[in-house]
Amino acid sequence: MTRNYTFYTAAFLLALVFTGCGQKAPVYSNHPDIPAKVETLLAKMTLEEKVGQMNQYNGFYDATGPLPEEGDARHKLEHLRNGWVGSVLNVRGAKATRELQRIAVEETRLGIPLIFGLDVIHGHKTLAPVPLGEAASWDMQAIEKSARMAAVEATAVGQNWTFAPMVDITRDARWGRVMEGAGEDPFLGAHIGVARVKGFQGDDLAADNTMAACAKHFAGYGFSESGRDYNTVDVGTSTLYNVILPPFLATVEADVKTVMNSFNTLNGIPATGSAFLQRTILKERWGFKGFVVSDWGSGREMIPHGYAMDLNHAAELAANAGSDMDMESYAYVKHLVALVQAGKVKEEIINDAVRRILTVKFELGLFDDPYRYCSEDREKKWLYHPEHQQVALDVAKKSIVLLKNDAQMLPLNRAQNIAVIGALANDKTSPLGSWRIGSDDGTAISVLEGLDALGVPYAFARGPELVTGPLAFSTELEFNTTDKTGMKAAVALAKKAKTVVMVLGEHGLQTGEGRSRTDLGLPGLQQELLEQVYAVNPNIVLVLMNGRPLAIPWADEHLPAILETWHLGSQSGHAIAQTLYGLNNPSGKLPMSFPRNVGQCPIYYNHLNTGRPGPGTDVFWSHYMDVPNSPLYPFGYGLSYASFAYANLSVAVKEDGTVDVSVQVTNESEVAGAEVTQLYLHDRVASVARPVRELKGFSKNHFNPGESKTVSFRLTHKELGFFDNNGTFIMEPGTFDVMVGTSSQEGLSATFDVK
Ligand code: NOJ
């Protein structure tokens, strides 16, 4: 028999307060005083002022999306003074935020403070690895600390709301935004999302160094067809409930204060206009108490989607569907008052949105001190703080993944004569990644600086340039595919060296929003450079710098050592150099599969079986003619300078249906290291087919040389069950396979039955 678990509905037990006219109003804060304060303020507000709270403008400096014609700063200031602006994004610095806050507080009728939003994605000034890289650490404490560091820096410059974490599950490396998420797995993604929310929001949202987080993009954005950004999303209900939604649910359960909707349509309905997503799932089933912000212009974009007739219609659809705040569409500020007066949007919908927004503002302490986040003293103290460099270095070291290490080529010997080749080796900007809006170019430690700090001898040749033309967040990057200047010198240097360290990959601005690719190889002239160097000296350590999985079958076949270092942030060069020389033992594991070639995308380990899984002896089984089905490097994969052995898998099914699993892990090497032990389940037969394997537990542990530890997991209905096609969480008795080991493809297996 199927058991039902009503996680969803239980969450929406809201206490009630009485409004002035005797009606009961929903309560969106657990704080004893805030709901009443919200009601008192709401009662004083005109309809225009209420709609104003639902309007968010881009600031006056940077744009992180296309500006509509109305995007003129003069209108915005006038609107701000009229009380028609509830939030501003992309305003930089304590001084600038303070001045806008002063206008909101001193020059508007009710003096309601602004909430300032910014994409504080993996740090503010000091940057940690891009989120996909950080996810490779599988270290929740390090990830939480990194988000805490980001909040301390961002809140010192007036920000009190970050548009992070992005909890979109991503299976397609063509999509540039894979760098901003935690990869392909919903279980890992949920844990990481929660760690980031905790780091940003801390224990006390009203503290001057914590900020509201935002789980985005609700929902399905990671499934853009063919990996092209902003494209259509068309997924089945099982994928929606079991893959896309769980990380959002986890962050809602962790009290994330805001959720951002997404640009995409989901089964034909733009997310911004989807009452199913924003009302039924998020607010009703899950009891989400915060507010929903649209993505940049996503209200307006319902027009080209073919869902709204015009901006007026877009405002009506979005407000009714539960999109509480409009980011840069100008839809609400222009049309919502008239829509309410015409009876097309009920005032109760407006009240509900405003209640949610005001609640977050009260919880941030903005009504007690609207300037608490705008302190030039704190700005001076915290930006690039030395303690933050340590936090960034720690997580950077933990995020590196060793992909290949034949004949223990790594770590390098200090006495070795090495040649370092590649423009990225001397790049102080690229390692900062794409989302670095608060930071400054040229502030990353380069690989060469990292080697200098260790005092190791090396000679450097840049090779051909990677990119040509200007580099900017909002413009297309141009690759150098023709100018081979530097190629010969690099090859000549390689010829003389014992070992060559080649630093190749993607430019930091080659990943992120609007940066989809159809070729996942090394861009520009880098593959040619690699092969030319190989021809004279095959002792190559390839250091990859990139923000997405790359397809590098040639490198895997020919090179003895490959180190995945992502875009590793401010401390990149130190982390890489220390790893190359064994002062850091790599412990990262891939959060996303690396394909053999782009034709395999989307590729992910937790797929369903087909009816013809094979391998067969004829052609009639599910396969490619030219490459195996498997990825080049699977999810969860990553080597170490240590070597870990797994033994004694034990599984005990308890009376109450919980299952205890343990395994013995031994470091059989002479160096200390950390290992991420991973547990995967397969539910053999279910009323909705289950994936061949799903991550349901992980544990990262440090091991001294020779040390052995028992690593234990407890599986409850939460791990054993799944969402049916109505979105109900169920658990079905039956036979399960469990695998515990070092990656999604390697471990010890057992089988158990649950009654
Ligand atoms: C659009 C992006 O999709 C979103 O993630 C970001 O937070 C906003 N722009 C604001 O910059």
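Keep in mind the model is a prediction, meaning the values are calculated, not measured.

Remarks on the overall build of the protein chain
Logical step 1: Looking only at helices and strands, the protein chain features 22 helices and 30 strands.
Logical step 2: Taking the principal axes of its C-alpha atoms as reference, the protein chain extends roughly 80 × 65 × 45 Å.
Logical step 3: Taking all contacts inside the protein chain whose residues are at least 6 apart in sequence as the whole, residues at least 24 apart take part in 77%.
Logical step 4: Summed over all atoms, the accessible surface of the protein chain reaches about 27400 Å², with 51% contributed by carbon and sulfur.

Observations regarding the nonpolar core
Logical step 1: Core analysis: the biggest nonpolar cluster contains 167 residues, and F218, M502 and L580 have the highest contact counts within it.
Logical step 2: Element by element, the count of residues in this core is highest for helix α14 (residues 347-363), at seven residues.
Logical step 3: Both domains that meet at this core, namely domain 1 (3-20 + 47-380) and domain 2 (409-600), each give it at least three residues.
Logical step 4: The contacts of F218, once residues within four sequence positions are left out, are L245, F248, V259, M260, N261, S262, A271, L277, Q278, I281, L282 and W286.
Logical step 5: Core analysis: the next-biggest nonpolar cluster, separate from the first, contains 20 residues, V661, V663, M731 and V740 among them.

Quick look at the pattern of salt bridges
Logical step 1: Counting across every chain of the model gives 36 salt bridges.
Logical step 2: When the shortest N-O distance is used, the salt bridge between E449 and K428 registers 2.8 Å. Taken as a pair, E449 in helix α17 (residues 447-454) and K428 in the loop between β15 (418-421) and α17 lie far apart in primary sequence, 21 residues in all.
Logical step 3: When the shortest N-O distance is used, the salt bridge between E465 and R462 registers 2.6 Å.

Points about unusual backbone geometry
Logical step 1: That bond from K216 to H217 is cis: its omega, 0°, falls within 30 degrees of zero.
Logical step 2: With respect to the element layout, H217 can be found in strand β8 (residues 214-218).
Logical step 3: The omega torsion of the bond from G614 to P615 falls at 0°, within 30 degrees of zero and hence cis.
Logical step 4: Here the phi dihedral of W566 falls at roughly 55°; this positive angle occurs in a residue that is not glycine.
Logical step 5: By secondary structure assignment, the location of W566 is in the loop between β21 (561-564) and α21 (572-580).

Things to note about the environment of S687
Logical step 1: On the secondary structure map, S687 appears in the loop between β24 (673-683) and β25 (694-703).
Logical step 2: Those residues in contact with S687 that sit more than four places away from it in its chain are F722, I730 and E732.
Logical step 3: Only 2.4 Å separates the side chain of S687 from the side chain of E732, close enough to count as a polar contact.

Observations regarding the sheet that holds strand β23 (residues 659-667)
Logical step 1: Read across the sheet, three strands follow the order β22-β23-β26 without closing on themselves; strand pairing throughout is antiparallel. Among the strands making up the open sheet, the edge pair consists of β22 (644-653) and β26 (708-715). Within the sheet, the average angular offset between the axes of one strand and its neighbour, ignoring direction, is 20°.
Logical step 2: Examined bridge by bridge, β23 and β26 share eight bridges and lie antiparallel to one another. Each bridged residue has a counterpart across the sheet, and for V665 the counterpart in β26 is K709.

Examining the sheet that holds strand β9 (residues 258-261)
Logical step 1: Spatial strand order, β8-β9-β12: three strands in an open sheet with parallel pairing. The outermost strands of the open sheet, each flanked by one partner alone, are β8 and β12 (291-293). Neighbour-to-neighbour, the strand axes of this sheet turn through a mean angle of 30°, independent of strand direction.
Logical step 2: One ladder, built from four bridges, connects β8 with β9; its direction is parallel. The residue bridging C214 from the neighbouring strand is T258, located in β9.
Logical step 3: Sitting on the sheet, helix α11 (residues 275-285) is in contact with β8, β9 and β12, with an inclination near 140° to β8.

Brief notes about the domain arrangement of the protein chain
Logical step 1: Annotation of the protein chain at the domain level lists domain 1 (3-20 + 47-380), domain 2 (409-600) and domain 3 (644-754).
Logical step 2: The gap between the C-alpha centroids of domain 1 and domain 3 is 35 Å.
Logical step 3: The interface of domain 1 with domain 3 comprises 20 residues on the first partner and 22 residues on the second.
Logical step 4: Of the roughly 1900 Å² buried between domain 1 and domain 3 on both sides combined, carbon and sulfur atoms contribute 61%.
Logical step 5: Connecting domain 1 to domain 3 are zero salt bridges.

Points about the packing of helix α18 (residues 487-496) against helix α19 (residues 526-536)
Logical step 1: It is the contact of α18 with α19, at a shortest axis distance of 8 Å, that shows an interaxial angle of 35°. Crossing geometry of α18 relative to α19 is assigned as right-handed. Along its contact with α18, which presents M487, A490, V491, A494 and K495, the element α19 presents E528, L529, Q532, V533 and V536.

A few points about the packing of helix α8 (residues 186-201) against helix α10 (residues 246-253)
Logical step 1: For the pair α8 and α10, interaxial distance at closest approach is 8 Å and the crossing angle is 30°. With respect to their mutual orientation, α8 and α10 come out roughly parallel. In this structure, the crossing between α8 and α10 has a hand that is right-handed. Between α8 and α10, the contacting residues are P186, G189, A190, G193, V194 and V197 on the first element and P246, P247, A250 and T251 on the second.
Logical step 2: Classifying every residue of the contact of α8 with α10 gives seven nonpolar, three polar and no charged.

Some points on the packing of aromatic side chains
Logical step 1: The tally for this structure, following the rule as stated, stands at 22 aromatic pairs.
Logical step 2: Look at W161 and F291: their rings are 5.2 Å apart centre to centre, the planes differ by 70°, and that puts the pair in the edge-to-face class. Separated by 130 residues along the polypeptide, W161 in strand β7 (residues 161-162) and F291 in strand β12 bring together distant segments of the chain.
Logical step 3: Its relative accessible area of 0% is what places W161 among the buried residues.
Logical step 4: Ring geometry for F187 versus F698: centroids 6.2 Å apart, planes at 90°, classification edge-to-face. Taken together, the residues span a long stretch of sequence, with F187 in helix α8 and F698 in strand β25 at a distance of 511 residues. Here the two residues F187 and F698 agree in accessibility, since each one is buried.
Logical step 5: Among the aromatic residues, those joined into a cluster by ring pairs are W138, F187, Y605, F635, Y680 and F698.
Logical step 6: The aromatic ring of Y28 is capped on one face by R356, whose charged end is 4.2 Å from the ring centroid.
Logical step 7: Lying over the aromatic face of F703, K709 brings its terminal NZ or CZ to 5.1 Å of the ring centre.

What counts, and at which threshold
Residue indices follow the written sequence of each chain, beginning from 1 at its first position. Thresholds applied to this predicted model are a pLDDT of at least 70 for local features of residues and 80 or more for the giving and counting of side-chain atom pairs; totals over whole chains, interfaces and linings are not thresholded and use all residues. Only heavy atoms go into the side-chain values, all of them from the structure, while hydrogens and water stay out. Numbering of helices and strands runs from the N terminus; a helix is a DSSP stretch of H or I covering at least four residues, while a strand is a stretch of E covering at least two. We call two residues contacting when some pair of their heavy atoms lies within 4.5 Å. Computed with the Shrake-Rupley method and a 1.4 Å probe, the accessible areas treat only the protein chains shown as cover for residues. What is meant by a nonpolar core is a set of buried Ala, Val, Leu, Ile, Met, Phe, Trp, Tyr and Cys residues, joined one to another through side-chain atoms within 4.5 Å. Only protein chains enter the area calculation, which uses a 1.4 Å probe; residues under 20% of their type maximum are buried, those over 50% are exposed, and those in between are partly exposed. Residue ranges assigned to the domains are those given by an automatic or database domain assignment. Should a side-chain nitrogen of Lys or Arg be within 4 Å of a carboxyl oxygen of Asp or Glu, the pair is scored as a salt bridge. Here a polar contact means two N or O atoms within 3.5 Å. Within protein one must be a hydrogen donor candidate and the other an acceptor candidate, and residues neighboring in sequence count only if both atoms are side-chain atoms. Should DSSP find at least two bridges between two strands, the strands are regarded as paired. In this analysis an axis means a line fitted to C-alpha atoms, helices contributing only their contacting stretch, and an angle means the value between N-to-C directions, from 0 to 180 degrees. Accessible area that two parts lose when put together, with a 1.4 Å probe and added across both, is what the buried area reports. Left-handed is the label given to a crossing in which the near helix is rotated counterclockwise from the far helix by less than a right angle, and right-handed is the label when the rotation is clockwise. Geometric relationships in this document are graded by angle, where less than 35 degrees denotes roughly parallel, more than 145 denotes roughly antiparallel, 65 to 115 denotes roughly perpendicular, and other angles denote oblique. Here the term charged refers only to Asp, Glu, Lys and Arg, the term nonpolar to Ala, Val, Leu, Ile, Met, Phe, Trp, Tyr, Cys and Pro, and the term polar to all other amino acids, Gly among them. Two rings from Phe, Tyr or Trp (for Trp, the six-membered ring) form a pair when their centres are within 6.5 Å of each other. A pair whose planes differ by under 30 degrees is stacked, one over 60 is edge-to-face, and the rest are tilted. Remark: a charge is flagged as sitting over a ring if the NZ atom of Lys or the CZ atom of Arg is within 6 Å of the ring centre and within 35 degrees of the ring normal.

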